[in-house]
Amino acid sequence: MSITRRSNVFDPFSLDLWDPFDGFPFNHSLLSFPRSSSSSSLSFPSDTSSFAAARIDWKETPEAHVFKADLPGIKKEEVKVEVEDGNVLQISGERTRENEEKNDTWHRVERSSGKFLRRFRLPENAKMDQIKAAMENGVLTVTVPKEEVKKPEVKSIEISG
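Residues numbered from 1 in each chain as written. Predicted model: local features only at pLDDT ≥ 70, side-chain atom pairs only at ≥ 80, totals over all residues. Heavy atoms only, no water.

### Remarks on the overall build of the protein
A count of helical and extended segments in the protein gives 0 helices and 9 strands. When the helices and strands of the protein are placed in sequence order, the string is β-β-β-β-β-β-β-β-β. Counting all 161 residues of the protein, 29% fall into the buried class. If you take every contact in the protein between residues at least 6 apart in sequence, the share linking residues at least 24 apart comes to 50%. For the protein, the exposed area adds up to about 12400 Å²; of that, 50% sits on carbon and sulfur atoms. (Helix = DSSP H or I, 4+ residues; strand = E, 2+ residues; numbered from the N terminus. Buried < 20%, exposed > 50% of the residue type's maximum accessible area, 1.4 Å probe, protein only. Contact = heavy atoms within 4.5 Å. Areas by Shrake-Rupley, 256 points an atom, 1.4 Å probe, with all protein chains shown as cover.)

As structure tokens, this is what we get:
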């Protein structure tokens, strides 16, 4: 574990940052910047890194289950919405990183890149054959209609005697 010193002490976002994964046996850090101020290029995460910031809200209305995912900068062709094992909703895709030009000097890299995958087990009342998905302004909305809850029929029985 170490503390990494950034080069500009006047930038409040560049002060000492602790990397809890420093020294672990995988090939990149969660912090995407050079290890020393003398380094001239950034260390980007590998292409196999997870795009952990795929934030998804799931709300239930009387008519449907609604999933909303913030996927800024991703085209609808780069996202897959699938149902597997009969009742597991799977949302996946990939955000590619920008090409690193030799003449460019990067000062900060905070946007994630890589593949993402989220799975949700849907309840029994979900209509799997009527799922709809739409993408607008970087927000993916998946609507899973619900079966109507059948109200139990109450039949009065006359008591004799």
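What follows picks up the thread again.
### Some points on the sheet that holds strand 8 (residues 132–136)
Spatial ordering of the open sheet is given by 3-4-9-8, a layout of 4 strands whose pairing is antiparallel. Of all strands in the sheet, those bounded by a partner on one side alone are strand 3 (56–60) and strand 8. Strand-to-strand twist in this sheet, taken as the mean axis angle between neighbours without regard to direction, amounts to 15°. As paired strands, strand 4 (residues 64–70) and strand 9 (residues 139–145) are joined by 7 bridges and run antiparallel to one another. In the strand pairing of strand 9, Val 66 is matched with Thr 143. (Pairing = 2+ DSSP bridges. Axes fitted to C-alpha atoms, helices over the stretch in contact; angles between N-to-C directions.)

### Re the pairing of strand 9
Side chains on a regular strand alternate between the two faces of the sheet. Counting buried residues in strand 9 gives 5 out of 7 residues, a clear majority hidden from the surface. Here 5 bridges tie strand 8 to strand 9, and the two strands are oriented antiparallel to one another. Paired with Ala 133 across the two strands is Val 142, which belongs to strand 9. Following strand 8, the chain reverses through 2 residues before pairing antiparallel with strand 9; Asn 137 in that reversal takes a positive phi of roughly 55°.

### A look at the side chain of His 65
Tracing the backbone shows His 65 in strand 4. For His 65, the side chain forms a polar contact with the side chain of Trp 58, separated by 3.2 Å. Not counting residues within four places of it along the chain, the set of residues in contact with His 65 comprises Trp 58, Lys 59, Glu 60, Pro 123, Asn 125, Val 142, Thr 143, Val 144 and Lys 146. (Polar contact = N/O pair within 3.5 Å; in protein donor to acceptor, adjacent residues only side chain to side chain.)

### Here's the deal with the pattern of salt bridges
Across all of its chains, the model carries 2 salt bridges by this definition. Among the salt bridges present, the one from Lys 146 reaches Glu 60, with a minimum N-O distance of 2.7 Å. Here the residue Lys 146 occupies a position in the segment after strand 9, and Glu 60 occupies one in strand 3, the gap between them amounting to 86 residues. Note on Lys 146: relative accessible area 13%, which makes it buried. Relative accessible area serves as the criterion here: at 52%, Glu 60 is assigned to the exposed category. A salt bridge links Arg 119 to Glu 84; the shortest N-O distance between them is 3.1 Å. Of this pair, Arg 119 sits in strand 7 (residues 114–121) while Glu 84 sits in strand 5 (residues 79–84), and the two are 35 residues apart along the sequence. (Salt bridge = Lys/Arg side-chain N within 4 Å of Asp/Glu carboxyl O.)

### A short note on the side chain of Ser 92
Among the structural elements, Ser 92 can be located in strand 6 (residues 88–95). Look at Ser 92 and you get buried, because its relative accessible area is 12%. Not counting the four nearest positions on each side in its chain, Ser 92 is found in contact with Glu 78, Val 79, Lys 80, Phe 116 and Leu 117.

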